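Structure assessment
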Amino acid sequence: MILAIETSCDETAIAILDGLNVLSSKVASQIKNHKKYGGVVPELASRIHTETIHPLIASALEEANITFQDLTAIAATETPGLEGSLLIGLTTAKTLSKLLNIPFIPINHLHGHLYAHFLSETPPVFPLICLIASGGHTQLYHAKNHHDLTIIGQTRDDAAGEAFDKIARHLGLNYPGGPLIEAKAKTGNPKAIHFTRPMLHQGLEFSFSGLKTAVIQLDKSAFSIEDICASFQAAVIDVLLHKSLAACTQYNCKTLCIAGGVTANQTLTETFKKACEKQQITFHVPPISLCTDNAAMIGAAAHFTHKG
Ligand code: KG4
Ligand code: ZN
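In this text the structure is predicted, and so the values were computed from the model without any measurement. Residue numbering note: each chain is counted from 1, following its sequence as written. Whichever chain is written first becomes A and whichever ligand is written first becomes 1, with later ones labelled in order. At least 70 in pLDDT is required for a residue's local features to be given in this predicted model, at least 80 for side-chain atom pairs to be given and counted, and no such filter applies to totals for whole chains, interfaces and linings, which use all residues. Excluded from the side-chain calculation are hydrogens and water; included are all heavy atoms of the structure.

Overview of the overall build of the protein
Under the convention used in this document: Helix numbering and strand numbering both begin at the N terminus, where a helix is a DSSP run of H or I of at least 4 residues and a strand a DSSP run of E of at least 2. Accessible area is worked out with a 1.4 Å probe on protein chains only. A residue is then buried under 20% of its type maximum, exposed over 50%, and partly exposed in between. For this analysis, residues touch if any pair of their heavy atoms sits within 4.5 Å.
Within the protein, the secondary structure is distributed over eleven helices and ten strands. With the C-alpha coordinates of the protein rotated into their principal frame, the extents come out at 60 × 45 × 30 Å. When burial is assessed residue by residue, the protein has 53% of its 308 residues classed as buried. Excluding contacts between residues fewer than 6 apart, the proportion of contacts in the protein whose partners are at least 24 apart in sequence is 71%.

A look at the nonpolar core
Just so we agree on the cut-off: To define a nonpolar core, start from buried Ala, Val, Leu, Ile, Met, Phe, Trp, Tyr and Cys residues and group those joined through side-chain atoms within 4.5 Å.
One finds Phe208, Phe232, Leu240 and Phe272 to be the most contacted residues of the largest nonpolar core, which totals 46 residues. Put simply, the parts of the chain that give this core at least two residues each are strand 6 (128-133), helix 5 (160-170), helix 6 (177-185), helix 7 (209-217), helix 8 (225-250), strand 9 (255-259) and helix 9 (266-278). If you tally residues by element for this core, the top one is helix 8, at 13 residues. Not counting the four nearest positions on each side in its chain, Phe272 is found in contact with Leu131, Ile237, Leu240, Leu241, Ser244, Leu256, Ile258 and Phe283.

Looking at the coordination of the zinc ion (ligand 2)
As a reminder, the rule being used: Because water is not among the atoms used, a metal site may look incomplete, as its donors are only the N, O and S atoms within 2.8 Å, or 3.2 Å for Na, K and Ca.
On the protein side, the zinc ion (ligand 2) has His109 (NE2), His113 (NE2) and Asp293 (OD) as donor atoms, found 2.0 to 2.1 Å from it. Sequence positions of the residues that donate to the zinc ion (ligand 2) give the spacing H-x3-H-x179-D. Of the two residues, His113 is situated in helix 4 (residues 109-115) and Asp293 in the loop between helix 10 (288-291) and helix 11 (296-307); the sequence distance between them amounts to 180 residues. Looking at His113, the relative accessible area reads 0%, which means it is buried.

Remarks on the pairing of strand 3 (residues 21-29)
This is how it is decided: Should DSSP find at least two bridges between two strands, the strands are taken to pair.
With eight bridges joining them, strand 2 (residues 11-18) and strand 3 adopt antiparallel strand pairing. What sits directly across from Glu11, in strand 3, is Ser29. As consecutive antiparallel partners, strand 2 and strand 3 are separated by two residues, and within that stretch Gly19 has a phi angle of approximately 65 degrees, a positive value.

As for the site of ligand 1
Rules: Residues are labelled near a given molecule or strand when at least one of their non-hydrogen atoms is within 4 Å of it. Polar contacts, as used here, are pairs of N or O atoms within 3.5 Å; protein pairs need one atom able to donate a hydrogen and one able to accept it. Residues neighboring in sequence count only if both atoms are side-chain atoms. For the accessible areas, the method is Shrake-Rupley and the probe is 1.4 Å, while residue cover comes only from the protein chains on display.
Surrounding ligand 1, one finds 20 residues, the nearest of these being Gly135, Asp165, Glu182, Gly261 and Asp293. Between ligand 1 and the protein, one listed contact pairs an oxygen atom with a backbone N or O atom of Val262 at 3.5 Å. Asp293 is positioned such that a nitrogen or oxygen atom in its side chain is 3.0 Å from an oxygen atom of ligand 1. Look at ligand 1: alone it shows 550 Å² of surface, and the protein chains cover 89% of it.

Let's talk about the pattern of salt bridges
Put simply, the rule is: Every case where a carboxyl oxygen of Asp or Glu lies within 4 Å of a side-chain nitrogen of Lys or Arg is listed as a salt bridge.
One pass over the full model with this rule turns up nine salt bridges. Among the ionic pairs, Glu63 bridges to Lys26, the shortest N-O distance being 2.8 Å. Of this pair, Glu63 sits in helix 2 (residues 42-64) while Lys26 sits in strand 3, placing them 37 residues apart in sequence. With a closest N to O distance of 3.5 Å, Lys166 and Asp158 form a salt bridge. Several salt bridges share partner residues, and in doing so they unite Asp158, Glu162, Lys166 and Lys212 into one network.

Some details on the sheet that holds strand 6
To keep things clear, this is the line we draw: For helices, the fitted axis covers only the stretch in contact; all axes are lines through C-alpha atoms, and the angles between them, taken along N-to-C directions, range from 0 to 180 degrees.
Here we have five strands laid out as an open sheet, ordered 8-7-6-9-10, and mixed in their pairing. Two strands lie at the open edges of the sheet, namely strand 8 (148-154) and strand 10 (282-284), each paired on one side alone. Averaged over all pairs of adjacent strands, the angle between strand axes in this sheet comes to 20 degrees, irrespective of strand direction. Sheet topology note: the strand 9/strand 10 ladder contains three bridges and is parallel. Pairing of Cys257 across the sheet is with His284, part of strand 10.

Looking at the environment of Thr150
Locating Thr150 in the fold gives a position in strand 8. Remark: the alpha-carbon pair of Thr150 and Leu140, spanning ten residues in sequence, is separated by 8.4 Å.

In structure tokens form, the structure reads like this:
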């Protein structure tokens, strides 16, 4: 019975898992607090985590209908993330583990995103390729088994989600940019502008800062915001898909998983699904609530760490 804590950025999240069975999963988003600043303010994020974490733990225990004494381990995101925010979750987790005399399990946030897949009734089968596309990271993993996860490609500069957020800000949309760009893109033409597909044929590394500059330098008077959003989104999806399929070929993997906030994008998941069908690759994407930050995925990663 694991209590899992996630405080790496602007969500305070708590989950309780009995094995891989999620008894409760709570996410307290801080978006409304950061919106007026156009992005996450780290100091503010830490302060809100401090205020939110204990009531959220209490309500998660209540929903799971258990007490602290029923817990057998405490897990928390250890890295990567905002230092101050991580510290709140880690200190809470370590204190609880000492008080209750049960193990503390530190979890890598990005491994957590991958482990969202293992909460599914039909989890992926190893070996697999996993694309993690979040606000701070874009990484490709080759996973041979639970103990052998290797990064085989990552971004050299901006992450995919970061590009969405920066472009949204530039276009006068709010924060976080991903869902707002996706909404505008729905009525736009993805072929209106051909943005460069950075490093498309250069190995498994990504680069999104050139694409960001291309959008910023575009003469916006000539296009609608919907067309700009749709064309930008198409370029990001194209690159992510191309590299993910290249990784499957290079590592001879027939299973592709995607995870992280950017994979909440429905145009992205539809595009991946169709492409994988064509290439007879088994495709997995978690439900939207498990794509964006949550603590259930941290609990799932801890379950496998704990089990050994
Ligand atoms: O994984 P996540 O929730 O937090 C991090 O670990 O960073 O990812 C957040 C990122 C943000 O950059 C956000 O704009 C992006 O995911 N995102 C999306 C969508 N929903 C969230 N990007 C594109 N389309 C979306 N629907
Ligand atoms: Zn994340």
